[in-house]
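# Results of the structural survey
Each chain is listed here by its residues.
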Amino acid sequence: MITREQEPEYLRLAESAPGMLCREAPPEILEACALDNEPTPFLERFFEAGVRAHARKAHGRELPQLYVNNAILVLWLRACRLYTNGLLGIDDPDWGREFFSSADATPN
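Residues numbered from 1 in each chain as written. Predicted model: local features only at pLDDT ≥ 70, side-chain atom pairs only at ≥ 80, totals over all residues. Heavy atoms only, no water.

### What about the overall build of the chain?
- Secondary structure summary: the chain contains 4 helices and 0 strands in total.
- Starting at the N terminus, the α and β elements of the chain follow one another as α-α-α-α.
- Computed over its C-alpha atoms, the radius of gyration of the chain comes to 13 Å, within 12% of the 13 Å expected for a compact globule of 108 residues.
- Taken over the C-alpha atoms alone, the chain extends approximately 40 × 30 × 20 Å along its principal axes.
- Counting over 108 residues, the chain shows a buried share of 42%.
- Excluding contacts between residues fewer than 6 apart, the proportion of contacts in the chain whose partners are at least 24 apart in sequence is 67%.
- For the chain, the accessible surface area stands at approximately 6200 Å², while carbon and sulfur atoms represent 54% of it. (Helix = DSSP H or I, 4+ residues; strand = E, 2+ residues; numbered from the N terminus. Rg over C-alpha atoms; globule rule 2.2 N^0.38 Å. Buried < 20%, exposed > 50% of the residue type's maximum accessible area, 1.4 Å probe, protein only. Contact = heavy atoms within 4.5 Å. Areas by Shrake-Rupley, 256 points an atom, 1.4 Å probe, with all protein chains shown as cover.)

Structure, rendered in structure tokens:
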């Protein structure tokens, strides 16, 4: 479980590692996603920080808030799937993809 004291560390990680691959995603983040019925306010901030940093790195621009909101849901669903597949020992097609890129999220 991620504590309030740890949250700033994870937000810094999201901002500083926009190219992180799914297989490199913190297991605590994946677990936190899978244990809630929807993204918590912290997870929303985490995914928003990562999505915005990824867009700046990949495209050199900021994204509209509507796109960011949609990406948060896509990435949260991916994280839930990654966690579940990891528990079940199932190879996930997204393990080698960039964690904060919603453009290459595999629908499942």
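### Examining helix α1 (residues 7–16)
- Glu7, Tyr10, Leu11 and Ala14 are the residues of α1 that are buried. Each buried residue of α1 sits inside an arc of 100° when the element is viewed along its axis, so together they form one side. For α1, exposure combined with an orientation more than 90 degrees from the buried face picks out Glu9, Arg12 and Ser16.
- Residues of α1 that are buried sit in contact with α2 (27–34) and α3 (41–59). (Arc of directions from axis to C-beta.)

### Concerning helix α4 (residues 65–88)
- The first and last C-alpha atoms of α4 sit 35 Å apart over 24 residues, in line with the 34 Å expected at 1.5 Å per residue.
- Within α4, the full set of buried residues consists of Val68, Ala71, Ile72, Leu75, Trp76, Arg78, Ala79, Cys80, Arg81, Leu82 and Asn85.
- Contacts made by the buried residues of α4 are with α2 and α3.
- The positive-phi residue at the C-terminal boundary of α4 is Gly89, with phi of around 70°. (Expected span 1.5 Å × (residues − 1).)

### Quick notes on the nonpolar core
- Formed by 29 residues in total, the largest nonpolar core has its most connected members in Phe46, Phe47 and Phe99.
- Where this core is concerned, the elements lending two or more residues are α1, α2, α3 and α4.
- Ranked by the residues each element gives to this core, the list is headed by α4, at 8 residues.
- Beyond its immediate sequence surroundings of up to four residues, Phe46 is in contact with Tyr10, Leu11, Ala14, Ile29, Phe99 and Phe100. (Core = buried A, V, L, I, M, F, W, Y, C linked by side-chain atoms within 4.5 Å.)

### Focus: the pattern of salt bridges
- Under the criterion given, the structure shown has 8 salt bridges.
- A salt bridge links Arg52 to Glu62; its shortest N-O distance comes to 3.6 Å. Taken together, the positions of Arg52 in helix α3 and Glu62 in the loop between α3 and α4 put the pair 10 residues apart, joining distant regions of the chain.
- Between Asp92 and Arg81 there is a salt bridge; the shortest N-O distance is 2.9 Å. One end of the pair, Asp92, is in the segment after α4; the other, Arg81, is in helix α4, and 11 residues separate them in sequence.
- Residue Arg81 is classed as buried on the basis of its relative accessible area of 12%. (Salt bridge = Lys/Arg side-chain N within 4 Å of Asp/Glu carboxyl O.)

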